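# Per-entry structural report
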Amino acid sequence: MEKVITRVKPNPMVKPENTGKASIGLPTFLESTAENTQGFKKLQRQAAELFGMEDALFVPSGTMGNLVSVMCHCRERGAELIVGDQAHIHLYEQGGVAQIAGIHSRVVKNLPDGTFDLNEVESKIRQHFPDSHYPRTGVICLENTHNEAGGRVLPLFFLQEVQTLADKYQLPVHVDGARLMNAAVALGVKASEILRFCDSVSMCLSKGLGAPVGSLIGGRKEFIDQAVRVRKVLGGGMRQAGLLAAAGLLSISDMVDRLQDDHRNARMFAQGVQTFASSLCDINIDAVETNILMLTVNDPRMSPEEFCDKMAEVTDDEITVMGHGVRVLMNPVYGHKVRAVWHVDVSEEDTELALQKLQYVIQKVNQK
């Protein structure tokens, strides 16, 4: 019997052919430090053009990219950043801005679409500094697309309003753009159109863009000059890393347009949930804007963890009934929510198989 493995999970299972080795050539792989290789210079130059910013810098991870950026904006220990309470920087980066840089996070409530109330933001800006009782507000942080909101895209008018508020208090705006290109594709605009309202950005080359590792940060020339120093002290300077530059160049040149396939497949699956699984799961179809969907398991007969286990396991009965086995990997996140993410290694055919598996699981639940 044929056994089909379908992966619907946060990050790509990167294959060797996706690393773009041929696009640079072996001599570049053997050069010394990352910032001095021809490959990295080309990658960073193209990234700066993509961002519409003066300069860009490769870093090993998105977490480091955000930390470097915040440290460059907040140059003194005890400074403060304003960030959404559901932001990746706040929830999933080990509190690195505090742990490593001594920077305090002041949170505002994220709304369901990933935005927040700008009146609340303004109320959190430390307007009484330099009174010795208060820290200095150093930066406002955004996330686009917004992971915990289910891949929602921040509207351009919201970004402009944030910039206007930040300018009023002479504050920079940093955007965690791990999936920046998903936002650009969803809006039908260039990344630079989004980033013209921001002072710095961190963008992952992995995830939907399919590189094995790495992120890029962008900003003004003096910002990147400082970022080079901060990256070094955080251990982000690498040697013989030209292969990563090759993969990054392939990601930003060849992998952007295909993100619309991920968006289409995610919406296809969401529509299937609405059609076949409404007795077990709730989903807001209008909130599926990019490659992430959040569904709510609302049936007392099955927990979110059990639902994910059933979608991932392959049984003899399934092979008998369906003629094949399908393994779908999802993540229970919080409450009754389950998160699924589409990427380069999940095709339209895979999505159709995942829907078949969903119908099989629903059928088994209804037989109880």
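Above this note sits the structure.
Notes on the structure in this doc start here. (Residues numbered from 1 in each chain as written. Predicted model: local features only at pLDDT ≥ 70, side-chain atom pairs only at ≥ 80, totals over all residues. Heavy atoms only, no water.)

The next thing to look at is the sheet that holds strand β5 (residues 137-143). If you trace the 7 strands from one edge of the open sheet to the other, you get β2-β8-β7-β6-β5-β3-β4, paired in mixed fashion. Two strands bound the open sheet, and with one partner strand each, they are β2 (55-59) and β4 (104-108). Adjacent strand axes in the sheet meet at a mean angle of 20°, parallel and antiparallel pairs treated alike. Of the strand pairs in this sheet, strand β3 (residues 80-84) and β4 are connected by 5 bridges, and their pairing is parallel. Residue pairing across strands places isoleucine 82 opposite arginine 106, the latter belonging to β4. Contacts between helix α7 (residues 156-168) and the sheet are confined to β5 and β6 (173-176), with β5 contributing the most and set at about 180° to the helix. (Pairing = 2+ DSSP bridges. Helix = DSSP H or I, 4+ residues; strand = E, 2+ residues; numbered from the N terminus. Axes fitted to C-alpha atoms, helices over the stretch in contact; angles between N-to-C directions. Contact = heavy atoms within 4.5 Å.)

Let us now look at unusual backbone geometry. A cis amide bond links phenylalanine 129 with the next residue in sequence, proline 130, at an omega value of 20°. Looking at the secondary structure, you find proline 130 in the loop between α6 (118-124) and β5. In this structure, the amide linkage connecting asparagine 144 to the following residue, threonine 145, adopts the cis form with an omega of 0°. Checked against the element boundaries, threonine 145 lands in the loop between β5 and α7. One non-glycine residue with positive phi stands out, namely glutamine 170, at about 55°. Locating glutamine 170 in the fold gives a position in the loop between α7 and β6. According to the relative accessible area criterion, glutamine 170 is exposed, its value standing at 75%. (Buried < 20%, exposed > 50% of the residue type's maximum accessible area, 1.4 Å probe, protein only.)

Further remarks concern the packing of helix α2 (residues 38-51) against helix α11 (residues 242-254). Running from N to C, α2 and α11 cross one another at 30°; their axes reach a closest spacing of 8 Å. On the basis of their axis angle, the class for α2 and α11 is roughly parallel. Both α2 and α11 take part in a crossing whose hand is left-handed. On the side of α2, the interface is formed by Gly39, Phe40, Lys42, Leu43, Gln46, Ala47 and Leu50, while α11 contributes Gly242, Leu244, Ala245, Gly248, Leu249 and Ile252. The residue makeup of the contact of α2 with α11, split by class, is 8 nonpolar, 4 polar and 1 charged. (Parallel < 35°, antiparallel > 145°, perpendicular 65-115°, else oblique. Left-handed = near helix turned anticlockwise from the far one by under 90°. Nonpolar A, V, L, I, M, F, W, Y, C, P; charged D, E, K, R; others polar.)

Geometry only, nothing functional implied.
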